[in-house]
Amino acid sequence: MGAQNLFFAMLRSDYSTPRRRQLNFTTDIPPEIFAAICEYLTPDDLFTLLRVCRYFRALLSASRSAYTQEIWRTSRLRSSELFDHRPPPKGMSEQQYMLLHYWLTKCQFCRGQKEWESKAYWPFKVRACRSCLLERTISKHRLLNEWKIPKGVLSCLPYISIGTYEIYWISDVIQVEFRFRTIPPATRTLWATKQQERVRHYLQDVEEFELAYKYNMIFWYYKEQESIRKSCMVDDIAAELAVDPQQLKELSAYEEPLQWPPKERDWAAWRHKIVIGAQQFTKLQRRKVDKRWSL
Ligand SMILES: [Zn+2]
């Protein structure tokens, strides 16, 4: 019996006979032995094992444990005919790397319930469909103008960009802004410099993964980028002019396709049309209010 089969047989309840005491992994097998057994498992087996019980989950999910990282690394390199031999980008654990690169095929938030198509967004370390992405992200424009986030904080955060338009992960923004405000002001500059450096390296590292994706699914990728930027820009305009973004998405100009790759001036022209539509909505709303008052 191979090491893998033996290992999974040990997990099955029918392995132990009434005479034989059932093996208790938490007390009978030290982590070093567990790690040695796991060396023979493929990443697929490890993900299966991770879902067996809390003990395995704790052992295999520890992203900062050198033991755990070694288990995943060995497994990935042993299966190099199936998996990438490139190391994960700096700052990403082996498990996250395997999850994002191979294991997840559906959006990790809605599991394909909202939209069938999804994409790995390497800067945010997630796989998301468009709908879940838009729920969890915000444009730089709104962060600066509406949320009043200091530029120094934004430069410490990873982002995705569509043209020159930058989009950030909301929970990252909240976390980093909190950290920025709670550290002593005298050490903020040094802290920010280190963060910026770390983010810059990380974004450089993940760029090739993003590019590989872009070239594999070029048409879908372009359409997706256009939809994401349009939706974020409508949110920017709606927030500025206090109108319902859903109303703006119903404007005929919203659906007008842009020629790819659009230049920034094309985006500016598209934005202008939406702003005019939004202004008409606000005028209409004002007229309705005035009418009510005059009655
Ligand atoms: Zn989703």
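Please read these numbers as outputs of a predicted model, since none were measured by experiment.

Draft legend 1. Examining the coordination of the zinc ion more closely. Listed as protein donors to the zinc ion are Cys107 (SG), Cys110 (SG), Cys129 (SG) and Cys132 (SG); their distances from the metal cover 2.3 Å. Given four donor atoms and angles of 102 to 117° at the metal, the environment of the zinc ion is assigned as tetrahedral. Given a relative accessible area of 1%, Cys132 falls into the buried group.

Draft legend 2. Local environment of the pattern of salt bridges. Within the structure shown, the criterion is met by 14 salt bridges. Of the charged contacts in the structure, one is a salt bridge between Glu146 and Arg142, with a shortest N-O distance of 2.7 Å. Using a relative accessible area of 41% as the deciding quantity, one classes Glu146 as partly exposed. Taking the shortest distance from any N to any O, the salt bridge between Arg271 and Glu240 comes out at 3.6 Å. Of this pair, Arg271 sits in helix 16 (residues 264-294) while Glu240 sits in helix 13 (residues 218-241); the two residues are 31 residues apart in sequence, bridging distant segments of the chain.

Draft legend 3. Molecular detail of helix 4 (residues 43-50). Along helix 4, six of the eight residues are buried, which leaves the element largely enclosed by surrounding structure. Taken together, the buried positions of helix 4 are Pro43, Asp45, Leu46, Phe47, Leu49 and Leu50.

Draft legend 4. Broad picture of unusual backbone geometry. Positive phi, close to 60°, is recorded for Lys125, a residue that is not glycine. Despite not being glycine, Ala242 shows a phi value in the positive range, around 50°. Turning to its location among the elements, Ala242 is positioned in the loop between helix 13 and helix 14 (245-249). Classification of Ala242 by relative accessible area gives exposed; the value is 62%.

Draft legend 5. Structural detail: the environment of Ser63. Here Ser63 is to be found in the loop between helix 5 (54-61) and helix 6 (66-78). Ser63 sits in the partly exposed class, given a relative accessible area of 41%. Placed 31 residues apart in sequence, Ser63 and Glu94 show a C-alpha to C-alpha distance of 7.7 Å.

Draft legend 6. View of the packing of aromatic side chains. Inspection of every chain in the model, using the stated rule, returns nine aromatic pairs. Between Tyr254 and Trp270, the ring centres sit 5.9 Å apart and the planes meet at 55°, which makes this aromatic pair tilted. Of the two residues, Tyr254 is situated in helix 15 (residues 252-255) and Trp270 in helix 16; the sequence distance between them amounts to 16 residues. Each member of the pair, Tyr254 as well as Trp270, is classed as buried.

Cut-offs applied
Residues numbered from 1 in each chain as written. Predicted model: local features only at pLDDT ≥ 70, side-chain atom pairs only at ≥ 80, totals over all residues. Heavy atoms only, no water. Donors = N, O, S within 2.8 Å, 3.2 Å for Na, K, Ca; no water. Tetrahedral: all angles 85-135°; square planar, octahedral: opposite > 155°, others 65-115°. Buried < 20%, exposed > 50% of the residue type's maximum accessible area, 1.4 Å probe, protein only. Salt bridge = Lys/Arg side-chain N within 4 Å of Asp/Glu carboxyl O. Helix = DSSP H or I, 4+ residues; strand = E, 2+ residues; numbered from the N terminus. Phe/Tyr/Trp six-rings, centres within 6.5 Å; stacked < 30°, edge-to-face > 60°.

Taken by themselves, the reported measurements are silent on function.
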